[in-house]
Structures are given as structure tokens and as C-alpha cells.
Amino acid sequence: MKNKCDLVYSDIFSLENLYSAWSEFLVGKSSKPDVEEFSIHLIDNIVSLGEKLTDKTYLHGDYKSFFINDPKRRHIHKASVQDRLLHHAVYRKLYPHFDKIFIHDSYSCRLGKGVYKAIDRFDTFARKVGQNHTKTCWVLKCDIRKFFDSIDHEVLMAILSVHISDKDILWLLQNIIDSYHGERRREAGLPLGNLTSQLFGNVYMNIFDQWVKHVLKQKYYIRYADDFVFLSQDKNELHSLIQPISHFLCDRLHLELHPSKVTLESVFSGVDFLGWVRFPHHTILRRKTKERMFRKFVDNPKDEVFISYLGLLSHGDTYNVEQELRNMHWLLSEA
């Protein structure tokens, strides 16, 4: 198979890879108490991890769980520093292989992609389909119910096995995947706190992406994590896709479309996509996105946060929102 990964197990547990993974993991975390504690005996800890991986006595540990509201309530599971270091070591070796086989229009957690590249692509597609907004462009927007909590371990391992020949790498991936069990089914779920979960989620959904492109033959399709859209001038064609999409996700990947988040709208009426509402000639910030931004800024009114939010607002028609933010920044800085 031309898409087979040529990695061997030792590529992951080599000291060179573990030290490089540590440097990447450390960014933004060096002052965390658990990271500082691990750093005190860094060389011993990395060598110890390497030895456990070498003789295959490594066993992924338990998770600490907590909730965040961003804006909806999310259950986060945090692994130990040793386990998160391993996640980085695995990710940095596997990502380059899998990134090459993903479709162009998959935008979540990929280098050179991201939310705003996905939004720009949406605008490009809307102009093409709507012939520079002289025709009606319809958008079918879908969302998967509890995506990460529903990823089936057996199905995921079967997909990974198609690409990876090394049995020891598969043993390690099984170790990581089976370290967590979702709230819906014991044999399913990936923790939101793991770096590897982002990669595994894309690997899982790539099965759907390839089916969309090669079986449904949909040209104007964009996916960001578990949010995806189809664009067409033909409203009936898009409506006819809903049932086969639902069946494929259920039968092949054991996933379920979120019934209240499947919508069919025209760009003229405004399409809510990735935090922004897109119209033919302007873009406005979703109300909930604006509220979350201001709430977070009140909690952390630093200059660098202010600048980052100005950068976010530059992607749409947000003059009034920007003035509100500037006023709030001035008031908080004077307080």
C-alpha cells in the first residue's frame, strides 16, 4: 500500500525524539507545578520513559478531570506530564505521514490550516458556487453529536492498522487509546486534553472525507473537526445528501449527526460557520463569540490579549465591536 507509514517503533522512543518532544511540550507550560517537578529530574525522567518504552513496560496513567466553559461546558481530562510528553513524541512522528493523506479542505489542527483558512475557503467557495453572488448559494451545515466521546476504539485501531505495519507502534497506540473511556460507551471516546486526540480525530474523519470526495463527489466541501459544510446552487441536491451522510457515519464510524445542528441555509440569509456569520458582502461576529471574548478579556485584560483580539476582529466587519473592546481595554487599564 502506497500510504503505509515507514516508521519503526524505535523512532518514537529514541532519546533524540523524546528530548525534541519535551522542547515542544514545554512551550507555555514551564511554570506549571507538575511540569516544574518533572523538570527537576528531567534527564532521569526522560531516560526512564525511554526504557519503559524500549522494554514495553510502559502503561499510560490515569487522568485528572475538570470542566471548562468555552462557551459550553466541556469535560477535560489531563494526563500526567510523562504521558503528555509521550503524546508529543508520538504526534511529531505520526503527524507528517497522516497529514499527507488528508484532503486539502480539512482544516482542524493542521499546520498551515486553522479556523481562518477554513473561513477564507468558505468565502472562495461561496463566490464560485454563487457566481460572484449573482446566484443563490445554498449551504448544508452539519455537526456530529459528542464527536470525541463517540470515537470507537476498535474502528480507530483498524484504521491506524491500515497505515502502520509496525506491531510495537500499534501496541503503543492501543495503550494510549485504551487509557480513556468515554461517558457514553466503554469502548469509545478520546480525551479532549490529549494532543494525540486531535490527530486521531482527523485520522478517523478522513474516512468520511475520502468518501465525500470519491463517492459523493462533492467539490465544495469543508471540514473543521466535527463541523462540516457542503455548498451548491442546488438546494434539493444538498437535502438529498443528509440521509446517506447519516447512514455512512453511523454504519462505518459509529457516529451520529446532531439533529438540531443540521441546517440548510442560503449565504444571502447568513451562514453561521466557525464563530462568524457569513453574508455575501460582509461578515459579522457571532453573538456568543463576542460575549465569550469580552468575558475572557475581563478575566485577563493584558495588552497581549487585547492585541490578539484585535487580530481576531480584523477578519470581519467589526468596527463597533472593536470600539467596545478598545473602550473596555482603556477602562480596565485605568482601574
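Residues numbered from 1 in each chain as written. Predicted model: local features only at pLDDT ≥ 70, side-chain atom pairs only at ≥ 80, totals over all residues. Heavy atoms only, no water.

Just checking my understanding: could you explain the sheet that holds strand β3 (residues 138–143) for this structure?
Pairing is antiparallel across the open sheet formed by 4 strands, whose spatial order is β4-β5-β3-β6. With partners counted over all chains shown, the strands left at the sheet margins are β4 (221–224) and β6 (263–266), one partner each. Across the sheet, the axes of successive neighbouring strands diverge by a mean angle of 20°, strand direction being ignored. Of the pairings in the sheet, the one linking β4 to strand β5 (residues 227–232) comprises 4 bridges and is antiparallel in character. Bridge pairing in β5 links Tyr-221 to Phe-230. (Pairing = 2+ DSSP bridges. Helix = DSSP H or I, 4+ residues; strand = E, 2+ residues; numbered from the N terminus. Axes fitted to C-alpha atoms, helices over the stretch in contact; angles between N-to-C directions.)

Looking at this model, I keep getting lost on the sheet that holds strand β7 (residues 271–273). Mind explaining?
In any sheet, the strands associate via hydrogen bonds between backbone groups, in a parallel or an antiparallel arrangement. In space, the 3 strands of this open sheet follow the order β7-β8-β9, with antiparallel pairing throughout. One side of each edge strand has no neighbouring strand; the edge strands of this open sheet are β7 and β9 (283–285). Sheet twist, expressed as the average angle between the axes of neighbouring strands with direction ignored, equals 30°. Inspection of the sheet shows β7 paired to strand β8 (residues 276–278) by 3 bridges, in the antiparallel sense. Note on β8: the bridge partner recorded for Asp-272 is Val-277. Seen against the sheet, helix α6 (residues 115–129) touches β7 and β8 and runs at an angle of roughly 10° to β8. (Contact = heavy atoms within 4.5 Å.)

Would you mind showing me how to read α6 here?
Spacing of three or four residues puts side chains on the same side of an α-helix, whose turn is 3.6 residues. Between its first and last C-alpha atoms α6 spans 21 Å; for 15 residues at 1.5 Å apiece the expected length is 21 Å, and the two agree. In the core, the buried residues of α6 are packed alongside β3, β4, β5, β7 and β8. Two residues or fewer past α6, Gln-131 is found with a positive phi of approximately 50°. (Expected span 1.5 Å × (residues − 1).)

Could you clarify how one ought to interpret the pattern of salt bridges in this entry?
Side chains carrying opposite charge are able to pair once their charged atoms draw close together. Using the criterion set out here, one finds 10 salt bridges in the structure. When the shortest N-O distance is used, the salt bridge between Asp-168 and Lys-56 registers 2.9 Å. Separated by 112 residues along the polypeptide, Asp-168 in helix α9 (residues 167–177) and Lys-56 in the loop between α4 (42–54) and β1 (64–69) bring together distant segments of the chain. Judged by relative accessible area, Asp-168 falls into the partly exposed class, the value being 27%. Residue classification places Lys-56 among the partly exposed positions, given a relative accessible area of 35%. Between Arg-223 and Asp-209 there is a salt bridge, with the nearest N and O atoms lying 2.9 Å from each other. Placement of Arg-223 in strand β4 and of Asp-209 in helix α10 (residues 195–214) is noted, with a sequence separation of 14 residues between them. (Salt bridge = Lys/Arg side-chain N within 4 Å of Asp/Glu carboxyl O. Buried < 20%, exposed > 50% of the residue type's maximum accessible area, 1.4 Å probe, protein only.)

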